Amino acid sequence: MTLGGCAVTPDDGVTTLSFFQFKGEALEDFNRIIADFEAENPDIRVVQNQVADSETLIRTLLVKDKAPDVITLNANGGFGDLAEAGVFYDFSNEPVLRTINRAVQEILAELGNKEGEVNSLGYVNNANGVLYNQDIFAEQGLEIPETWDEFIAVCDALEAAGITPFYGTLGDAWTGMPSWNGIGAYAAQDGFFDELRAEGENVGPDSAVSFQKDFQDVMAKQAELFSYMQDGYRGQMYDDGNAAFARGESAMMLQGIWAVNQIKSINPDVNVAIFPYPVPEDPDDRILVSGVDVAVTMAKDTPHRAEALRFIDYLFEVGVIEDFAASQNMIPSVIGAELSDDAALQSVKPYFDEGRITGFIDHQVPPSIPLTPTIQQFLFDRNADATLSTLDNEWRKVAARTIPVTGDDK
Amino acid sequence: MSTLTEAVRTSTSGARNRRRAGRVRTSGSRALPAYYWMVWPAVIAFAAFHTIPVLVGIFFSFTNYAGYGDWSFVGLANYINLVKDDLVLAAYGFSFLFAIVATILTNVISLAIALGLNAKIRARNFWRGVYFVPYVLAILVIGYVFQFLFSNSLPKILSDIPLFRDNILTNPDWAWTAIVGLAVWQACAFSIIIYLSGLQTIPPELYEAASLDGASPWRQFGAITFPLISAFFTINVVLSLKSFLQVFDPIVALTNGGPGTSTESVTLLVFRGGFSGGEFAYQTANAVIFFIVITIVSLVQFRVLQRREADI
């Protein structure tokens, strides 16, 4: 051990790894994993660091050059920016990389990596779609809708039977985003965001692609779904929604499988499954939006690289990842790892097996654009034109002021 | 380390000086060495935790630094883009509207309450304590209580008024008034204390003389009370406007800048864009401009209000 390994206590030779972990729900799971790992590796101690506003904290730590040894983060657009900035380790030559499902690593690569590197490992994936209560659907004799018209017909039938189709929770601004991502994914399929980035400062109603041009239908469909919400959906919070859905107060929710754990903690007997937004005319074209819920990475310059890699290898052992994914109700990324037999997970299995998955489109939008509040406001005032021109305008401004780091010159 | 040894050296030599200078102390025009080493730590701490970070921030506002990773110089580009950014202009508009309304309300309400608390009312100290409580409580804790009030209680209590029934916090046109309510409620406590201490400097004889002359309470307020506490009024207005311009916590607790970006203040925008948005340098430039704006506003206020003080 070099002098730089200041965390090594000289008497017992134990290395302390700081493990930055963003997911509050996973605190207990990681405590268990760490305990097992430490039992097998007595020369390493892992200290879990879990805070509420992890994204701000990790940026603050990076600003202060105090990057933790092992890091888990939600793989969103901001995460891609961090990876592109080259603050994470390059896993290209690590054997663990080859055990991971390639489609998952592709979603991560789309978010961003430092040129020619692989800066993060996908751990578990989520699925974003329409959660539905299987019992209510069975009682009402409803089938999973495969086209948009069938979807609306299901909503009308539920309303006619006195059942709230969706439980809305717009008091939490972000709860407007899952449906926007789910429906918008179809509009963004053919390289929409690549073209939008190429347009940059010229994005507008007359450019080749723009929100104003290509997202009218997305907004109309999202607004249509929100007209089937319960009274007072504007002020309700996410937790209220999960509780109400768990009690059977609504037949569906515009959320992903991340909500299932909380729903089941309120009512373990509820039968929840999920289906993708049936937007395309041909039901076979339906795709499921999935994101890497937990990505694992490590600091580029950690003095404990060997120990950190040992811990990461342990995390990706099939048994460990299966247990974690089952407990978190997520889809494990390691090839050959089995999904738990939970109905919600089994209902999305075919989409993963057939590769009919796509990433979250909001990850393609620069984080300095206030996308979430803009969509929330749209769901309040239903003014699609104003919303889409705001998005185009913000896109133009950010493109104009983003000056790439050129590195050696200047 | 150097500062420590310096401090030690200063203190020992100071002690020696004092012994030697014992007799000449009264004739010397220099202050005691003890006063210097009372001042130095503060100067060093202020420079280390305030001045240097400000200078570093100004430096980075001329780069495209994202807060991490590589960066290069971009000249005045950040400042030029700021002026063209309607989101930034909207945040300034919101901050000023909010600060002006909240400053007026805070000062009117706290002056009224201070007058009441200064009068010979029963259990006066108890009431003074009660009115100071909001200042002691953490704003975020109170903020979430208010948030519950606005989103769960008021919609039920005032279900006949559409504005409150639909949760005022989700109304882009009126959400700011709810934030004003919370901010004023909390800020009053501090202003009341300053006004109270001002009111206690007024000799009671003046009021006795005035009431012998038959002056009404309103006339007494206009001719005696207000002129005599005008210095306290100045400091209160300047401090209130400054801190309301920098409003942050009440917004985070109530609306988080929403709905849309209708309640996004400059400080919230700087924080969000700089940290979550990955535009550290750009928002630092914004912070530099905001610092200059606040300084100018405060100086102008001082001048105008102090001139008015002097006229009396």
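Keep in mind that what you see is a predicted model, and the values were worked out from it rather than measured. (Residues numbered from 1 in each chain as written. Chains lettered and ligands numbered in written order. Predicted model: local features only at pLDDT ≥ 70, side-chain atom pairs only at ≥ 80, totals over all residues. Heavy atoms only, no water.)

Caption draft 1: Quick look at the overall build of chain B. Assigned secondary structure in chain B consists of 14 helices and zero strands. What you see in chain B, going N to C, is helices and strands ordered as α-α-α-α-α-α-α-α-α-α-α-α-α-α. Across the 312 residues in chain B, those meeting the buried criterion constitute 39%. Expressed as a percentage of contacts within chain B between residues at least 6 apart in sequence, the contacts between residues at least 24 apart total 68%. Surface exposure of chain B reaches about 17,500 Å², of which carbon and sulfur atoms provide 69%. (Helix = DSSP H or I, 4+ residues; strand = E, 2+ residues; numbered from the N terminus. Buried < 20%, exposed > 50% of the residue type's maximum accessible area, 1.4 Å probe, protein only. Contact = heavy atoms within 4.5 Å. Areas by Shrake-Rupley, 256 points an atom, 1.4 Å probe, with all protein chains shown as cover.)

Caption draft 2: Representation of the pairing of strand E5 (residues 130-133) of chain A. Residue and element names in this part refer to chain A. Neither face of E5 is open: one carries Val130 and Tyr132, the other Leu131 and Asn133, and all of them are buried. Bridge count for E5 against strand E8 (residues 272-275) is four bridges, and the pairing is antiparallel. Residue pairing in the sheet places Tyr132 in a bridge with Ala273 of E8. Judged from the two bridges that link them, E5 and strand E7 (residues 250-253) form a sheet pairing that is antiparallel. (Pairing = 2+ DSSP bridges.)

Caption draft 3: Seen up close, the pairing of strand E4 (residues 121-125) of chain A. All names here are of chain A. Judged by how many residues are buried, E4 sits mostly within the fold: five of five residues are covered. Sheet topology note: the E4/strand E10 (residues 292-298) ladder contains four bridges and is antiparallel. Among the inter-strand pairings, Asn125 is bridged to a residue of E10, identified as Val292. Note: E4 against strand E11 (residues 331-332), two bridges, orientation antiparallel. Directly across from Val124, in E11, lies its bridge partner Pro332.

Caption draft 4: Structural context of the UniProt feature "domain: ABC transmembrane type-1" (unreviewed entry) in chain B. Within this numbering scheme, the UniProt entry marks residues 92-301 of chain B as carrying the feature "domain: ABC transmembrane type-1" (unreviewed entry). Here residues 92-301 of chain B runs as 78% helix and 0% strand, with 18 Å between its end C-alpha atoms. (UniProt positions renumbered as here; feature names shortened; annotations may be inferred.)

Caption draft 5: The sheet that holds strand E2 (residues 44-49) of chain A, seen in detail. All names here are of chain A. One open sheet accounts for six strands, arranged E2-E1-E3-E10-E4-E11; its pairing is mixed. On the outer flanks of this sheet lie E2 and E11, each paired with one strand and no other. Here strand E3 (residues 70-73) runs beside E10; their pairing, made up of four bridges, is antiparallel. Across the sheet, Val70 pairs through a bridge with Met298, a residue of E10. Across the face of the sheet, helix H13 (residues 305-315) comes into contact with strand E1 (15-21), E2, E3, E4 and E10 while running at roughly 155° to E10. (Axes fitted to C-alpha atoms, helices over the stretch in contact; angles between N-to-C directions.)

Caption draft 6: Looking closely at unusual backbone geometry. All names here are of chain A. The phi dihedral of Asn329 is positive, around 60°, even though this residue is not glycine. On the secondary structure map, Asn329 appears in the loop between helix H14 (318-328) and E11. Its identity as a non-glycine residue notwithstanding, Arg382 has a phi of 55°, on the positive side. By the element assignment, Arg382 lies in the loop between helix H16 (371-381) and helix H17 (384-401).

Caption draft 7: Seen up close, a nonpolar patch on the surface. A grouping of Tyr35, Tyr36, Met38, Val39, Trp40, Val43 and Ile44 of chain B is seen on the molecular surface, where their side chains present a nonpolar patch of about 730 Å² in accessible area. Counting through the fold element by element, Tyr35 of chain B comes out in helix H2 (residues 33-60). (Patch = residues over 30% accessible without salt bridge, like charges linked within 9 Å, V, L, I, M, F, W, Y side chains within 5 Å. Salt bridge = Lys/Arg side-chain N within 4 Å of Asp/Glu carboxyl O.)

Caption draft 8: Main features of a negative patch on the surface. Residue and element names in this part refer to chain A. Taken together, the side chains of Glu143, Asp149, Glu150, Asp156, Glu159 and Glu224 define an acidic patch exposed on the protein surface. Ranked by residue count, the leading element in the negative patch is helix H6 (residues 148-160), at four residues. According to the relative accessible area criterion, Glu150 is partly exposed, its value standing at 38%. (Lys, Arg positive; Asp, Glu negative; His and termini not counted. Charge placed at Lys NZ, Arg CZ, Asp CG, Glu CD.)

Caption draft 9: Region of the structure containing the UniProt feature "transmembrane region" (unreviewed entry) in chain B. Residue and element names in this part refer to chain B. Here the UniProt feature "transmembrane region" (unreviewed entry) sits at residues 35-62, 89-117, 129-150, 174-197, 218-239 and 280-300. Regarding residues 89-117, the helix share stands at 100% and the strand share at 0%, and the terminal C-alpha atoms are separated by 41 Å. Helix makes up 100% of residues 280-300 and strand 0%. Its end C-alpha atoms lie 30 Å apart.

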